[in-house]
Amino acid sequence: MRRPILAANWKMNKTCGEASAFASALLPRIAGEDGVEVVIAPPFTALAAVAEAIAGSAVALAAQNVSAEPSGAFTGEISAAMLADLGCRWAIVGHSERRRLYGEDDALVARKARALRSQGLGAIVCVGETLDQREAGRTLAVLNEQLEGSLQELSGEDVPHLVVAYEPVWAIGTGRTADPETAQEVHAHIREKLASRFGADSGSIRIQYGGSVTPENVYALMAQPDVDGALVGGASLDPESFGRIVCFGSEDPSQGS
Ligand code: PGA
């Protein structure tokens, strides 16, 4: 049984004050939702503020990125040890915005995932095809390549600390979501790839869907057998909306809506 994981990716949004206010507004809304893991990924500058605001709750702290290097002369970078020091449990790596806007390739994503694991943090590794790639019928080939490349530095021991986020690039921030059947098809494929890479234990790896997730569409997505959570951008900026996503995400689809 995989515990659903619902993560808020704030991207470059919220000051420390706004981040604290969000956490204070969110916590009462999700009280008692113990069936799901809730993760907040603020910008680096608000990690400490969110850590303080969620202290004592079950909400986990995540970073949106990490350096592949352990320390040293890398101006502007943040190491996995620094994130661990702030209480991060997870970091997102390989987000399509990092890949597209900052030229991050699979080999770098793999090294970042390794850096996280070396400090005991979990890695949320993002993969996803562009619209052109989908229309050219290359979705699964693109995902195979991204998965092979991005996971190349992980081993079976890392399986409990790995989450894969399937985020079709054409669905991110566009209001256009993959329909639940399409998401399921891709998630099932990713699960097969993970099984051939990591063996039987990989059945415990959670695969999140990301791309224009809202309180309105999260339930149908998560009702799919291989959709184990959501990575939420725009709709995670408002505590009311993210709170509703967490509550819908924690409902047991087998019990009906
Ligand atoms: P979105 O972003 O929910 O705004 O589409 C998702 C993401 O980029 O993780």
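What this report covers is the structure whose coordinates are included nearby. Computed from a predicted structure; not experimentally measured.

Comments concerning unusual backbone geometry
Point 1. Phi at Lys11 takes a positive value of approximately 55°, unusual for a residue other than glycine.
Point 2. With respect to the helices and strands, Lys11 occurs in the loop between strand E1 (5–9) and helix H1 (16–29).
Point 3. You can call Lys11 partly exposed: its relative accessible area is 21%.
Point 4. The phi angle at Ser212 is positive, at roughly 55°, despite the residue not being glycine.
Point 5. Residue placement: Ser212 occurs in the loop between strand E7 (206–210) and helix H9 (218–222).
Point 6. Given a relative accessible area of 17%, Ser212 falls into the buried group.

Observations concerning the site of the ligand
Point 1. As a matter of local geometry, the ligand sits amid 13 residues, with Lys11, His95, Glu167, Gly173 and Ser212 nearest to it.
Point 2. At 2.7 Å, a side-chain N or O of His95 approaches an oxygen atom of the ligand.
Point 3. A distance of 2.8 Å separates an oxygen atom of the ligand from a polar atom in the backbone of Gly233.
Point 4. Considered on its own, the ligand offers 280 Å² of accessible surface; in the complex 95% of this is hidden by protein.
Point 5. Within the shell around the ligand, the residues separate by chemical class into four nonpolar, seven polar and two charged.

Notes on helix H2 (residues 47–54)
Point 1. What H2 keeps buried is the set Leu47, Ala49, Val50 and Ile54. Taken around the axis of H2, the buried residues stretch over an arc of 160°, which confines them to a single face.
Point 2. At its buried positions, H2 is contacted by H1, strand E2 (37–41), strand E3 (60–63), helix H3 (80–85) and strand E4 (88–93).

Quick notes on the sheet that holds E4
Point 1. Pairing is parallel in the closed barrel, where eight strands are placed in the order E1-E2-E3-E4-E5-E6-E7-E8. Taken over all neighbouring pairs, the strand axes of this sheet differ in orientation by 25° on average, direction set aside.
Point 2. Here three bridges tie E3 to E4, and the two strands are oriented parallel to one another. Note on E4: the bridge partner recorded for Ala62 is Trp90.
Point 3. Contacting strand E5 (122–127) and strand E6 (162–166), helix H7 (residues 139–150) runs over the sheet at an angle of about 150° to E5.
Point 4. Where helix H8 (residues 180–198) meets the sheet, it contacts E5, E6 and E7, and its direction lies at approximately 145° from that of E7.

Structural notes on the pattern of salt bridges
Point 1. Applying the stated criterion to the full structure yields 15 salt bridges.
Point 2. Its salt-bridge partner being Arg111, residue Glu69 comes within 2.7 Å of it at the nearest N-O pair. Taken as a pair, Glu69 in the loop between E3 and H3 and Arg111 in helix H5 (residues 106–118) lie far apart in primary sequence, 42 residues in all.
Point 3. Taking relative accessible area as the criterion, Glu69 reaches 25% and is therefore assigned partly exposed.
Point 4. For the salt bridge of Lys112 with Glu104, the shortest nitrogen-to-oxygen distance reads 2.8 Å.
Point 5. A relative accessible area of 6% places Glu104 in the buried class.

Calculation notes
- Residues numbered from 1 in each chain as written.
- Predicted model: local features only at pLDDT ≥ 70, side-chain atom pairs only at ≥ 80, totals over all residues.
- Heavy atoms only, no water.
- Helix = DSSP H or I, 4+ residues; strand = E, 2+ residues; numbered from the N terminus.
- Buried < 20%, exposed > 50% of the residue type's maximum accessible area, 1.4 Å probe, protein only.
- Near = heavy atom within 4 Å.
- Polar contact = N/O pair within 3.5 Å; in protein donor to acceptor, adjacent residues only side chain to side chain.
- Areas by Shrake-Rupley, 256 points an atom, 1.4 Å probe, with all protein chains shown as cover.
- Nonpolar A, V, L, I, M, F, W, Y, C, P; charged D, E, K, R; others polar.
- Arc of directions from axis to C-beta.
- Contact = heavy atoms within 4.5 Å.
- Pairing = 2+ DSSP bridges.
- Axes fitted to C-alpha atoms, helices over the stretch in contact; angles between N-to-C directions.
- Salt bridge = Lys/Arg side-chain N within 4 Å of Asp/Glu carboxyl O.

These results come straight from atomic positions and should not be treated as a statement about function.
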